[in-house]
Amino acid sequence: MNIDDVGGKAAGLDHLASYGFPIPSSYVITVGAYQRSVALAGLSPWIADLAMRPAPNPHDLRAEIDDIDGAIDAVKRCWASLWLPAAREYRFRHSVSSSGLAMAVVLQSLVEADWSGVGFTIDPASDRRSMRVEMVSGLGEALVSGHVTPVDFSIRRDTLEITSSDPGSQPLRIIEDLARMMLQVETRFDEPQDIEWAAVGSDLVLLQARPVTVVGPRSLFDDGFDEPVNSHDEFTPHGVVA
């Protein structure tokens with residue numbers, strides 16, 4: 001199985017698990033499942049339903065799912081989001097063809113986080129000597145939605161010296177452990193990484209990792225889920241079940 005079957009996020013999670021990094025229980029609904037479902041049932045009912053419940057990010061339908069029916073509904077809505085106006089506009093602006101378009105969907109166990117955030121092994125707004133971490137209390141949804149201003153940390157790559165926008169208010173031990181883990185991830189992937197993470201007590205969990213590809217803030221439609229890994233990679237289902 002390769003990245004064309006499962007997408008970049010699932011491939012990245014699989015690599016993280018195979019290298020021994022902690023990830024939540026994760027599953028992937030493959031591109032083939034999307035193609036078969038569309039061939040059998042079409043997408044029109046799902047698109048009409050989703051249009052009544054728009055999400056800020058057209059492909060990011062994060063939800064707390066309690067049962068199999070809820071999971072199936074969430075997957076269908078994620079599939080249908082490919083054809084909403086915001087997604088179509090994004091593809092038009094970036095010259096992405098809709099021909100043969102399909103989507104894999106990652107299902108991931110919810111981490112009841114005490115702290116969560118994002119980290120960059122090279123600060124996109126600074127230089128290659130520093131890493132950057134942004135964190136909020138609780139689940140990362142507050143950070144993604146922009147409802148909470150995160151605390152920023154700048155960490156020297158060579159000394160792990162930490163500078164914070166709100167010194168003294170955050171658990172620096174977690175940041176130190178995260179910084180070390182981020183450098184280990186970068187070494188394994190052999191390029192700078194953009195990492196989503198969560199902490200339960202003192203235990204860290206990595207929610208995804210992808211290459212740092214741009215300098216500056218993420219765009220509205222940058223969900224972080226579809227950045228390609230090497231297109232010819234073959235990988236095994238360590239931690240990700242297809």
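In this text the structure is predicted, and so the values were computed from the model without any measurement. (Residues numbered from 1 in each chain as written. Predicted model: local features only at pLDDT ≥ 70, side-chain atom pairs only at ≥ 80, totals over all residues. Heavy atoms only, no water.)

Trainee: Explain the overall build of the chain to me, using residue names and the numbers behind them.
Mentor: A tally of helices and strands in the chain yields seven helices and nine strands. Burial statistics for the chain: of 242 residues in total, 41% are counted as buried. Excluding contacts between residues fewer than 6 apart, the proportion of contacts in the chain whose partners are at least 24 apart in sequence is 63%. Surface accessibility of the chain: about 12900 Å² in total, with carbon and sulfur atoms responsible for 53%. (Helix = DSSP H or I, 4+ residues; strand = E, 2+ residues; numbered from the N terminus. Buried < 20%, exposed > 50% of the residue type's maximum accessible area, 1.4 Å probe, protein only. Contact = heavy atoms within 4.5 Å. Areas by Shrake-Rupley, 256 points an atom, 1.4 Å probe, with all protein chains shown as cover.)

Trainee: How would you summarise helix 2 (residues 31-41) if you had to cite specific residues and measurements?
Mentor: Note that an α-helix has 3.6 residues per turn; residues three or four places apart therefore point the same way. Residues Val31, Gly32, Ala33 and Tyr34 constitute the buried set of helix 2. Each element contacted by the buried residues of helix 2 is listed here: helix 1 (3-18), strand 1 (26-29) and helix 4 (68-80).

Trainee: Now, about the pairing of strand 1: what can you tell me, with residues and values included?
Mentor: Along strand 1, the buried face is formed by Ser26 and Val28; none of Tyr27 and Ile29, which line the opposite face, is buried. Pairing of strand 1 with strand 2 (residues 105-108) involves four bridges; the strand directions are antiparallel. Note on strand 2: the bridge partner recorded for tyrosine 27 is leucine 107. (Pairing = 2+ DSSP bridges.)

Trainee: So, the packing of aromatic side chains: which residues are in play, and what are the values?
Mentor: For the structure on display, the rule yields two aromatic pairs. Ring centres of tyrosine 19 and phenylalanine 189 lie 5.8 Å apart, and the angle between their planes is 85 degrees; this geometry places the pair in the edge-to-face category. In this pair, tyrosine 19 sits in the loop between helix 1 and strand 1 while phenylalanine 189 sits in helix 7 (residues 172-189), placing the two residues 170 residues apart along the sequence. Classification of tyrosine 19 by relative accessible area gives partly exposed; the value is 32%. Centre to centre, the rings of tyrosine 34 and tryptophan 79 are 5.6 Å apart; their planes meet at 80 degrees, and the pair counts as edge-to-face. Here tyrosine 34 is found in helix 2, whereas its partner tryptophan 79 is found in helix 4, with 45 residues between them in sequence. The residues tyrosine 34 and tryptophan 79 share a single accessibility class, namely buried. Lying across the ring of tryptophan 83, arginine 91 places its NZ or CZ 5.0 Å from the centre. (Phe/Tyr/Trp six-rings, centres within 6.5 Å; stacked < 30°, edge-to-face > 60°. Lys NZ or Arg CZ within 6 Å of the ring centre and 35° of its normal.)

Trainee: Residues and numbers for the confidence of the model for the chain, please.
Mentor: Mean pLDDT over the chain works out to 79, with 74% of the residues at or above the 70 mark. Overall, residues 217-229 carries pLDDT values under 50, and its contacts beyond four positions in sequence, including any with other chains, amount to 37 contacts. Overall, residues 235-242 carries pLDDT values under 50, and its contacts beyond four positions in sequence, including any with other chains, amount to 26 contacts. (pLDDT = per-residue confidence, 0-100.)

Trainee: Could you give me a rundown of the nonpolar core, with the residues and numbers involved?
Mentor: In this structure, Leu16, Val133, Ile155, Val185, Trp197 and Leu206 are the most contacted members of the largest nonpolar core, which totals 25 residues. Only helix 1, strand 4 (130-137), strand 5 (151-156), helix 7, strand 7 (193-200) and strand 8 (203-211) provide two or more residues apiece to this core. In terms of residues, this core owes the most to one element, helix 7, which gives eight residues. Apart from the residues lying within four places of it in its own chain, the contact partners of valine 185 are Leu16, Phe21, Gln193, Ile195, Leu206 and Ala209. Counting eight residues, the second largest nonpolar core, distinct from the first, contains Cys78, Trp79, Leu82 and Met103. (Core = buried A, V, L, I, M, F, W, Y, C linked by side-chain atoms within 4.5 Å.)

Trainee: Outline the sheet that holds strand 5, supporting the account with residue identities and numerical values.
Mentor: Read across the sheet, six strands follow the order 6-5-4-3-7-8 without closing on themselves; strand pairing throughout is antiparallel. The open sheet is flanked by strand 6 (162-164) and strand 8, the only strands paired with a single partner. Here the strands of the sheet are splayed against their neighbours by 20 degrees on average, with no regard to which way each runs. In this structure, strand 3 (residues 115-120) lies alongside strand 4, joined through six bridges in antiparallel fashion. Considered in strand 4, the bridge of phenylalanine 120 is made with arginine 132. (Axes fitted to C-alpha atoms, helices over the stretch in contact; angles between N-to-C directions.)

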